[in-house]
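Listed here are the chains, written in short residue letters.
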Amino acid sequence: METLALAHEPVLRLAAFAAVLAAMALWEVLAPRRARTLSRRRRWPANLGIVVLNTLVVRALFPAAAVGIALSAQTHGWGLLNQSAVPAWAAVAAGIVLLDLAIYLQHVTFHAVPALWRLHRMHHADLDIDVTTGARFHPIEIALSMLIKFAAIAALGVPPAAVVVFEVLLNASSMFNHANVRIAASLERALRWLVVTPDMHRVHHSIERDETNSNFGFNLSLWDRLFGTYRAQPRAGHPAMTIGIPEFRNAAQCSTLAAMLAMPFHEQWSIHHGKDTLHPE
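Residues numbered from 1 in each chain as written. Predicted model: local features only at pLDDT ≥ 70, side-chain atom pairs only at ≥ 80, totals over all residues. Heavy atoms only, no water.

Overview of the packing of helix H4 (residues 65-76) against helix H7 (residues 139-156)
And step 1. Axis separation between H4 and H7 bottoms out at 9 Å; the angle between their running directions is 25°. Viewed along their axes, H4 and H7 adopt a mutual orientation that is roughly parallel. Like other packed secondary-structure pairs, H4 and H7 cross with a definite hand, here right-handed. In contact with Ala65, Ala66, Ile69, Ala70 and Ala73 of H4, H7 contributes Met146, Lys149, Phe150, Ile153 and Ala154.
And step 2. Looking at the contact of H4 with H7 residue by residue, the class counts come to nine nonpolar, no polar and one charged. (Axes fitted to C-alpha atoms, helices over the stretch in contact; angles between N-to-C directions. Helix = DSSP H or I, 4+ residues; strand = E, 2+ residues; numbered from the N terminus. Parallel < 35°, antiparallel > 145°, perpendicular 65-115°, else oblique. Left-handed = near helix turned anticlockwise from the far one by under 90°. Contact = heavy atoms within 4.5 Å. Nonpolar A, V, L, I, M, F, W, Y, C, P; charged D, E, K, R; others polar.)

Observations concerning the nonpolar core
Nonpolar side chains in soluble globular proteins tend to end up buried together.
And step 1. Core analysis: the biggest nonpolar cluster contains 26 residues, and Phe17, Met24, Ala125, Val131 and Phe248 have the highest contact counts within it.
And step 2. Elements with a contribution of two residues or more to this core: helix H2 (9-30), helix H3 (40-61), helix H6 (114-124), helix H8 (160-178) and helix H13 (251-254).
And step 3. With 22 residues, the next largest nonpolar core counts Ala70, Ala152, Val158 and Leu170 among its residues. (Core = buried A, V, L, I, M, F, W, Y, C linked by side-chain atoms within 4.5 Å. Buried < 20%, exposed > 50% of the residue type's maximum accessible area, 1.4 Å probe, protein only.)

Observations concerning the packing of aromatic side chains
And step 1. Under the defined criterion, the tally for this structure stands at four aromatic pairs.
And step 2. Arranged with centres 6.4 Å apart and planes meeting at 40°, the rings of Trp27 and Phe176 form a pair that is tilted. Of this pair, Trp27 sits in helix H2 while Phe176 sits in helix H8; the two residues are 149 residues apart in sequence, bridging distant segments of the chain.
And step 3. For Trp27, a relative accessible area of 29% puts it in the partly exposed group.
And step 4. According to the relative accessible area criterion, Phe176 is buried, its value standing at 18%. (Phe/Tyr/Trp six-rings, centres within 6.5 Å; stacked < 30°, edge-to-face > 60°.)

Here we look at the layout of surface pockets
And step 1. Its volume calculated, the largest pocket comes out at about 860 Å³.
And step 2. Looking at the largest pocket, it is lined by 30 residues, and the ones nearest its centre are Arg13, Asn54, Ile142, Lys149 and Asn171.
And step 3. At the level of secondary structure, the elements contributing two or more residues to the lining of the largest pocket comprise H2, H3, helix H5 (88-112), H7 and H8.
And step 4. The biggest single contributor to the lining of the largest pocket is H3, with six residues.
And step 5. Tallied by class, residues from the lining of the largest pocket come to 16 nonpolar, nine polar and five charged. (1 Å grid on protein atoms, 1.4 Å probe; cavity = no way out; pocket = protein on both sides within 12 Å on 5 of 7 lines; lining within 4 Å. Points joined across faces, edges and corners; volume = space filled by probe spheres on them.)

Remarks on empty space enclosed by the protein
Empty space left among the atoms is revealed by rolling a probe the size of a water molecule over them.
And step 1. In this structure the tally under the stated criterion is one cavity of 30 Å³ or more.
And step 2. Lining the largest cavity are Arg34, Ala35, Arg36, Asp128, Ile129 and Asn180.
And step 3. Class assignment for the residues of the lining of the largest cavity results in two nonpolar, one polar and three charged.

As for H4
And step 1. With twelve residues, H4 should cover 16 Å at 1.5 Å per step; its first-to-last C-alpha distance of 17 Å lies within 8% of that length.
And step 2. Following H4 by one or two positions, Gly77 adopts a phi angle in the positive range, close to 70°. (Expected span 1.5 Å × (residues − 1).)

Here we look at the confidence of the model for the protein
And step 1. Considering every residue of the protein, the mean pLDDT works out to 92; 92% of them sit at 70 or more.
And step 2. Across residues 269-281 the pLDDT falls below 50, and counting only partners more than four positions away or on other chains, this stretch makes 33 contacts in the model. (pLDDT = per-residue confidence, 0-100.)

Considerations on the environment of Ala70
And step 1. Assignment of secondary structure puts Ala70 in helix H4.
And step 2. Ala70 has contacts with Ile153, Val158, Pro159, Pro160 and Val163, leaving out every residue within four places of it along the chain.

Now the structure itself:
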């Protein structure tokens, strides 16, 4: 079964992506959390177009993909888990958790370093937040993220099976926690003790700088609680909070594929710091 999953990893990821996207899109129609500021017809072509472009970029630049790095690490005995005498199931579980921590730390870094924020701000410039926002990343950020992930897999010795599971979980959780869906308050409070819920992650997409610099997790909510970046709710409340970043408020700047690709190269100066510096949150 593991060999079959590894052999068909791209197909598994595509099937999981399509299934989760369809399920979350339907949930958004049936039980939306917030009113939209822009129509799907205005935003979705560019947000889904960037998914297609990023897929082509990754396949062109990294034909072996992350699972190929894991197979090489396993063959050559690279990394912490390959040097440890732990059962296979424990190595898979540990690999998934450690990769989730790596993604959390990467996310914090992309907010803290101005040059990286230039790339990542395309994700935050979406004027609404829904399932498609979870896949809206600049191709250069995607390429850098792949290199970081490759390094983490090699250094940690993450088993190939763990990489496949993690890649599917990462895509699914990103679409889930960006979705504009309503969850019963009691269930949502319980869920966020384990995973990042839509209400928890939506705070991270607030226009308010201190709220943007919170709730960095994608899958497990543990890391935000552990490292002090957890914020329970936005000050304005979920229905009234403003989504996006101050530098890009015009729909034409944020909702076409060409504008999104050009976004890292625009000189947009911060209005929060009282000085002429790029906005680094």
